[in-house]
Amino acid sequence: MAHRKAEILLTVLQSISSVFITLLLLGILTMGFLRKVDCFSAFKQGAWEGAEMVVKLFTNLLGIFVAIQVFKESGALTYLIYLLRPCFSLFGIPEEVAPLVLMRPISGSASLAYVQDILQSYGPDSYVGRAASMIMGSTETIFYTLTVYFGATTITKTRHALWVACMSDFVNVVTGCFLLRRYMGGS
Amino acid sequence: MLSKVWIVLMLLGMLVALLSGKADAILPAMFEGGKKGISFCLELAGILAIWTGLLKIAEKSGLVNFIVKIIGPVIGKLFPAVPKSHPAFSQILLNMSANILGLGNVATPSGIKAMQEMQKLNRSREVASDSMIRLLVFNTSIIQLIPGTVLALRSEAGSKTPSDILIPLWISGILSFLVSMIVLWLIERRKSY
């Protein structure tokens, strides 16, 4: 019964957001039309700006992707995870999920694959399964966000941006796991 | 910052590969990275161009100005260093609203533009200003109300209650958001830029 309700709620929420986005798009175009804006021409103008952004970002993104791939394929990431795993249980983060916590700021696709793997092996409604889902849903690929947002400017010194973002990430994970343990049973 | 990260990742990766006998993994990894980089940029270009195009229409029709008038005062308190009349402000506003509404694809172009505009207000060419850092931390610590991908994954994996993680997710998200705001405030107090 609860399952049905949750399913229905999910579908409703998802359709609300699609409807919302479509309404938003409709609003933008209608307003443009009513205010006698040449919509397609404005669109093209804006689109060029968007393309320019990506051109500016290209070398930064290329660098990051290459470095991350090298880091992953060489096994360095695996060693890092292996070294840091024990520390995670100190903070109440289950060990199985530790690789995810380390991977998430670095790679969205690897994290996604890892979460799928955990859900298969431990079941989605287990403590580990829930923890993994929660971490996946609430954290961000920090390195990419940093690259994309600052990459189109001349900024090279981001000061405390990276570590505050990582810290916030970590706090998110720790409190999430704590809440799961306290209120949903788990060890 | 990024160049340091880059060097560290590359060096560590290559050293570990050499020492563990996996030296043959390096070149393929680089090319794989190159491929991923380019395909990511192509996808990004598509989505970005579409949304910057749409936002241009919104800008020209006065919709953006309208939104700034309405929500401006609230967001203005979070970014006191940015003058409301500067284009940076409207971009920040769009970025924040998009984040809150869960429209990641709209958040990215306006976020990038916001940074570029804030750069004009910045004292230095290379050092990020407090407002820029604030915006970045917002973007990384904001959580989606409905994390669609994760919920779908859970459903597919056979979860009986896929949405049971939502409440802890929201609570921890809000908490970490507040914590990051406090930390930022403390840092800026000590040494503002």
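Conventions adopted
Residues numbered from 1 in each chain as written. Chains lettered and ligands numbered in written order. Predicted model: local features only at pLDDT ≥ 70, side-chain atom pairs only at ≥ 80, totals over all residues. Heavy atoms only, no water. Helix = DSSP H or I, 4+ residues; strand = E, 2+ residues; numbered from the N terminus. Rg over C-alpha atoms; globule rule 2.2 N^0.38 Å. Areas by Shrake-Rupley, 256 points an atom, 1.4 Å probe, with all protein chains shown as cover. Lys, Arg positive; Asp, Glu negative; His and termini not counted. Charge placed at Lys NZ, Arg CZ, Asp CG, Glu CD. Buried < 20%, exposed > 50% of the residue type's maximum accessible area, 1.4 Å probe, protein only. Contact = heavy atoms within 4.5 Å. pLDDT = per-residue confidence, 0-100. Phe/Tyr/Trp six-rings, centres within 6.5 Å; stacked < 30°, edge-to-face > 60°. Expected span 1.5 Å × (residues − 1). Bend = angle between axes of the 7 residues up to and from the residue. Buried area = accessible area lost by both parts, 1.4 Å probe. Salt bridge = Lys/Arg side-chain N within 4 Å of Asp/Glu carboxyl O. Polar contact = N/O pair within 3.5 Å; in protein donor to acceptor, adjacent residues only side chain to side chain. Nonpolar A, V, L, I, M, F, W, Y, C, P; charged D, E, K, R; others polar. Core = buried A, V, L, I, M, F, W, Y, C linked by side-chain atoms within 4.5 Å.

Q: Would you take a moment to explain the overall build of chain B for this structure?
A: A count of helices and strands for chain B gives 8 helices and 0 strands. Secondary structure elements of chain B occur, N-terminal to C-terminal, as α-α-α-α-α-α-α-α. Its C-alpha atoms give chain B a radius of gyration of 20 Å, more than 25% over the compact-globule value 16 Å for 193 residues. Surface summary for chain B: the accessible area is close to 9,400 Å², and the carbon and sulfur share equals 69%. Each charge class in chain B can be summarised by its mean position, and for the 19 positive and 10 negative side chains these summaries are 9 Å apart.

Q: Could you clarify how one ought to interpret the overall build of chain A in this entry?
A: Within chain A, the regular secondary structure consists of 8 helices and 0 strands. Each helix and strand of chain A, placed in order from N terminus to C terminus, yields the pattern α-α-α-α-α-α-α-α. Taken over the C-alpha trace, chain A has a radius of gyration of 21 Å; the compact-globule value for 187 residues is 16 Å, which it surpasses by more than 25%. For the C-alpha atoms alone, the extent of chain A along its principal axes is close to 60 × 50 × 30 Å. Looking at chain A residue by residue over its 187 residues, the buried ones come to 50%. Counting only contacts in chain A whose residues sit at least 6 apart along the sequence, the fraction spanning at least 24 positions is 62%. Just so you have it, chain A exposes about 9,000 Å², and 67% of that area is on carbon and sulfur atoms.

Q: Is there a simple way to think about the confidence of the model for chain B in this case?
A: Detailed reading of the predicted model is not advised wherever pLDDT is low. Residue and element names in this part refer to chain B. In the predicted model, chain B carries a mean pLDDT of 86, and 98% of its residues have values of at least 70. Element-level pLDDT for chain B is lowest in helix H7 (residues 148–156), with a mean of 81, against a maximum mean of 90 in helix H2 (residues 26–60). Interface confidence in the predicted complex, given as ipTM, is 0.82; pTM for the same model is 0.81.

Q: Would you mind going over the packing of aromatic side chains with me for this structure?
A: How two aromatic rings sit relative to each other is given by the distance of their centres and the angle of their planes. Counted by the stated rule, this structure contains 8 aromatic pairs over all chains. One aromatic cluster is present, formed by Phe65(A), Tyr144(A) and Phe40(B) through successive ring pairs.

Q: Help me understand unusual backbone geometry in this model?
A: Glycine aside, a negative phi is what most residues show, and trans is what most peptide bonds show. All names here are of chain A. Here lysine 36, not a glycine, exhibits a phi torsion of approximately 60°, which is positive. With respect to the helices and strands, the residue lysine 36 is situated in the loop between helix H1 (2–34) and helix H2 (39–73). With phi around 50°, arginine 159 is a residue other than glycine that occupies positive phi space. Turning to its location among the elements, arginine 159 is positioned in the loop between helix H7 (142–151) and helix H8 (161–184). The exposure class assigned to arginine 159 is partly exposed, which follows from its relative accessible area of 25%.

Q: Any chance you could explain helix H1 (residues 2–19) of chain B here in plain terms?
A: Given 3.6 residues per helical turn, the α-helix brings residues three or four places apart onto the same face. In this model, H1(B) (18 residues) spans 26 Å end to end at C-alpha, consistent with the 26 Å of a helix rising 1.5 Å per residue. Those residues of H1(B) hidden inside the fold are in contact with H2, helix H3 (76–90), H7 and H8 of chain A together with H2 of chain B. One or two residues past the end of H1(B) sits Gly21(B), with phi positive at roughly 75°.

Q: So what exactly am I meant to see when it comes to helix H3 (residues 63–78) of chain B here?
A: Relative to the 22 Å expected for 16 residues at 1.5 Å per residue, H3(B) spans 22 Å between its end C-alpha atoms, a close match to the ideal helical length. The sharpest bend along H3(B) comes to roughly 65°, located at Gly72(B), with the proline Pro73(B) sitting one to four residues further on.

Q: Please explain the interface of chain B and chain A as it appears in this structure.
A: One frequent convention defines the size of an interface as the accessible area lost when the parts assemble. Facing the 99 residues of chain B at the interface are 91 residues of chain A. Taking both partners together, chain B and chain A bury about 8,500 Å²; carbon and sulfur atoms supply 76% of that area. Where chain B packs against chain A, one counts 5 salt bridges. Of the charged contacts in the structure, one is a salt bridge between Lys56(B) and Glu49(A), with a shortest N-O distance of 2.9 Å. There are 25 residue pairs in polar contact (both at pLDDT 80 or more) connecting chain B and chain A. Elements supplying a minimum of two residues to the side of chain B that touches chain A: H1, H2, helix H4 (87–101), helix H5 (104–121), helix H6 (130–141), H7 and helix H8 (166–190) of chain B. With 24 residues, the single largest contributor to the side of chain B that touches chain A is H2(B). By residue class, the composition of the side of chain B that touches chain A is 57 nonpolar, 29 polar and 13 charged.

Q: Help me understand the nonpolar core in this model?
A: General note: in soluble globular proteins, nonpolar side chains tend to be found buried as a group. By size, the foremost hydrophobic cluster in this structure holds 107 residues, and its most contacted members are Val97(A), Phe150(A), Phe79(B), Ile92(B), Met115(B), Met118(B) and Leu135(B). Top element by residues in this core is H2(A). It accounts for 13 residues. Every residue in contact with Phe79(B), bar those within four places of it in the chain, is listed here: Ile92(B), Met96(B), Ser131(B), Arg134(B), Leu135(B) and Phe138(B).

Q: Help me understand the pattern of salt bridges in this model?
A: Between side chains of opposite charge, a pair can form when the charged atoms approach closely. Tallied over the full model, the rule gives 10 salt bridges over all chains. A salt bridge links Lys113(B) to Glu49(A); the nearest nitrogen and oxygen atoms lie 2.7 Å apart. With Lys113(B) in helix H5 and Glu49(A) in helix H2, this pair bridges two chains. Using a relative accessible area of 15% as the deciding quantity, one classes Lys113(B) as buried. Salt-bridge contacts for Glu188(B) lead to Arg134(B); the nearest nitrogen and oxygen are separated by 2.7 Å. Taken as a pair, Glu188(B) in helix H8 and Arg134(B) in helix H6 lie far apart in primary sequence, 54 residues in all. Taken as a pair, Glu188(B) and Arg134(B) share a single burial class, namely buried. Within the structure, one salt-bridge network assembled from shared partners comprises Glu49(A), Lys56(B), Glu59(B) and Lys113(B).

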